[in-house]
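Given next are the chains, with one letter for each unit.
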Amino acid sequence: MVVLLRYCTMKSESNPPKQRKTGLRRQDLIRWGALMLLGLIFQSTAWAAIPPVDQPNIIVFLVDDLGWQDTSVAFSGEETAFQKHYRTPHLKQLANRGVTLTNAYAHCVCSPTRTSILTGQNPARHRVTNWTLYSDRDQSGKTQNIAAPTNWRKEGLQPENQTLPQLLKTIGYYTIHCGKAHWGAMNTPGSNPENLGFDKNIAGHSAGAPGSYQGLDNFGNHEDGSPNPPWGVPDLEKYYGTATHLTDALAMEVTAALDVAIDSGKPFFLYMAPYAVHTPIQAHPRFIDNYRGQKYSGSEILIPEEEACYASMVEGYDAALGTLMAKVRDANIADKTLILFTSDNGGLSVLGRNTTPRGTGQNTHNWPLREGKGSAYEGGTRVPAILSWATPDRGSRLQQRIPIVGGSTCNTQFISEDIFPTVCQWAGFDIANATGNVIDGVAITEYLSATQKQAQRSLLFHYPHVWGPQGEGYQPHSALRYGNWKVIYFYGPQRWELYHLEQDIGEAQDLALTEPTQLAAMQSRLIKELKNHGAQFPVDIQTGKARLPQ
Ligand code: CA
């Protein structure tokens, strides 16, 4: 192209024009015609192959049910005893290269968070407010006096919603889903990630858990290899009958899919969502000996069998992360690849996990946070989050556009729906063009540096359901964080609670009675946000009417 333009210029310079009489000379016409033709060729080529900005590869690595401290990385300023217990060296390496977010949140169960990631909307707006499985059955429980909203989207996310991978495809991305999907209910279009904007789906379907993590169990499918819905994991037949753990199988499959993406010459978006560390809690054979029969680090407390299995699953997801980091490094694209690591809700601290880890008492797996997955308290929603280039390179023009300071910590508030606009910004897509959705999330890239402080914002949580397990905060609720204040409304007892998270991250001291002015301000904010998002409310069983906060 440059050579041809130079040729046109040289031709005109080597034949100085005679005095122009009228209009353009034939020579000029030929020259400009050639330039226009070349320009058109260049433009059409550019439109097809060259993106509007340098586009990074983007990996969203979403671990299922991973608690705030189920990593080797400290998210509270200092390492907790549990963080000494878990081994995640690759995540630690990622944190050393990137930024650790200390105020990151998800919603309290799976499908609401996953739908928020794909739509950029808060659950109060997209209305997939509980986990999904059957489109005609409500998985929600009931209390004595209230039931779930009548018309919440039991069918889950469906193709009529504009999704993040759909948008990324329009600007040239190859899009891959690997692992747990859990968007659309069984036998609906949304149960297949390829109907939600992904070019390639590996092992994702409607279920939110695997029948088994073991290849020897055919990942929960029948002994003869035939599908066993809803819990049998699809697509991984070649590992049936082998001693392959599901997380390892996913890692192997996704590296093969990345070869296709890399060969295509397109940037890729990979949504890597291991089924781990969701129940069933089963040993990862490669790592279980690091924990089984051992004592907690620095203590004489024997690790319970359930916790040994859980820790081996934690180390398993980290190994998968390491596989991906090695893959992009070996393909020489690590400096063009961004990784966002997080979880879809807080760590499980009930059901089969109600053991007494480290002698801290029942249901304290997220200590010092209160409770876990499904609860209104911080243990239910506060999650780990790290953003990093796979390999930092200060000289890279692409990395200068999306700067991330290695080894930094950031207290910017971040919630699942922020992933949509943040990824769009990285990819060079202006979300003002995303006309299909109202976007509730905020692109956070500019707030990752110490110099750019985020304006105070309201983080809204809306779970008008009974999840199931008994415990503190597992009832229908809405909550809102604004600055360091957090207000919770429980629809059953119609009770307000107020906490100051900077002073009391464990939510031990309810300030609703002693801080009436602050409570009133927070109540007002929560009610306003629920209204603005078009929230659906639990139903009073006696009257049949929606029960609003009051
Ligand atoms: Ca989950």
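If you're wondering where the values come from, they're calculated on a predicted model, not measured in any experiment.

1. Quick word on helix α9 (residues 305-330)
Then, in step 1: The terminal C-alpha atoms of α9 lie 37 Å apart, and with 26 residues this matches the ideal 38 Å at 1.5 Å per residue to within 8%.
Then, in step 2: For α9, the buried fraction is high: 20 of the 26 residues fall into the buried class.
Then, in step 3: Of the residues trailing α9, Asn332 is marked for its positive phi of about 60°.

2. Comments concerning the packing of aromatic side chains
Then, in step 1: Tallied over the full model, the rule gives 15 aromatic pairs.
Then, in step 2: Among the aromatic residues, those joined into a ring-pair cluster are Trp183, Phe198, Phe269 and Tyr271.
Then, in step 3: Its guanidinium or amino end placed over the ring of Tyr134, Arg137 lies 3.8 Å from that ring's centre, counting from NZ or CZ.
Then, in step 4: Note that Arg370 overlies the ring of Tyr377, its terminal NZ or CZ placed 3.8 Å from the centroid.

3. A few points about the sheet that holds strand β12 (residues 485-490)
Then, in step 1: With antiparallel pairing, the four strands of this open sheet are ordered in space as β10-β11-β12-β13. This sheet does not close on itself; its edge strands, each paired only once, are β10 (458-463) and β13 (495-500). The sheet shows a mean angle of 10° between the axes of neighbouring strands, direction not considered.
Then, in step 2: Alignment of β12 against β13, held across six bridges, turns out to be antiparallel. Across the sheet, residue Phe490 finds its bridge partner in β13, namely Arg495.
Then, in step 3: Taken strand by strand, helix α13 (residues 516-532) contacts β10, β11 (477-482), β12 and β13, and its axis lies near 115° from that of β11.

4. Let's talk about empty space enclosed by the protein
Then, in step 1: By the definition in use, this model includes three cavities of 30 Å³ or more.
Then, in step 2: Looking at the largest cavity, its volume works out to about 50 Å³.
Then, in step 3: His107, Cys108, Val109, Pro112, Thr129, Thr381, Phe461, His462, Tyr463 and His477 together form the lining of the largest cavity.
Then, in step 4: Residue contributions to the lining of the largest cavity peak at three residues, all from β10.
Then, in step 5: Broken down by class, the residue content of the lining of the largest cavity amounts to five nonpolar, five polar and no charged.

5. A few points about the nonpolar core
Then, in step 1: With 62 residues, the main nonpolar core has Phe61, Leu236, Leu270 and Phe341 as its most contacted residues.
Then, in step 2: Contributing elements (two or more residues each) for this core: β1 (57-63), α4 (89-97), β4 (174-179), α8 (246-264), β6 (268-273), α9 and β7 (337-343).
Then, in step 3: Residue contributions to this core peak at twelve residues, all from α9.
Then, in step 4: Contacts of Phe61, omitting those with residues within four sequence positions, involve Met272, Pro274, Tyr317, Ala320, Leu321, Leu324, Leu340, Phe341 and Thr342.
Then, in step 5: Counting residues in each nonpolar core, the second largest holds 43 residues, with Leu157, Leu168, Leu340 and Cys410 among its members.

6. Remarks on the environment of Thr113
Then, in step 1: Within the secondary structure layout, Thr113 lies in helix α5 (residues 110-119).
Then, in step 2: The exposure class assigned to Thr113 is buried, which follows from its relative accessible area of 0%.
Then, in step 3: The sequence separation of Thr113 and Thr129 amounts to 16 residues, and the corresponding C-alpha distance is 8.9 Å.
Then, in step 4: Beyond its immediate chain neighbours, meaning those up to four positions away, Thr113 contacts Ala106, His107, Asp344 and Ser416.
Then, in step 5: For Thr113, the side chain forms a polar contact with the main-chain nitrogen of His107, separated by 2.9 Å.

Rules and cut-offs
Residues numbered from 1 in each chain as written. Predicted model: local features only at pLDDT ≥ 70, side-chain atom pairs only at ≥ 80, totals over all residues. Heavy atoms only, no water. Helix = DSSP H or I, 4+ residues; strand = E, 2+ residues; numbered from the N terminus. Expected span 1.5 Å × (residues − 1). Buried < 20%, exposed > 50% of the residue type's maximum accessible area, 1.4 Å probe, protein only. Phe/Tyr/Trp six-rings, centres within 6.5 Å; stacked < 30°, edge-to-face > 60°. Lys NZ or Arg CZ within 6 Å of the ring centre and 35° of its normal. Pairing = 2+ DSSP bridges. Axes fitted to C-alpha atoms, helices over the stretch in contact; angles between N-to-C directions. Contact = heavy atoms within 4.5 Å. 1 Å grid on protein atoms, 1.4 Å probe; cavity = no way out; pocket = protein on both sides within 12 Å on 5 of 7 lines; lining within 4 Å. Points joined across faces, edges and corners; volume = space filled by probe spheres on them. Nonpolar A, V, L, I, M, F, W, Y, C, P; charged D, E, K, R; others polar. Core = buried A, V, L, I, M, F, W, Y, C linked by side-chain atoms within 4.5 Å. Polar contact = N/O pair within 3.5 Å; in protein donor to acceptor, adjacent residues only side chain to side chain.

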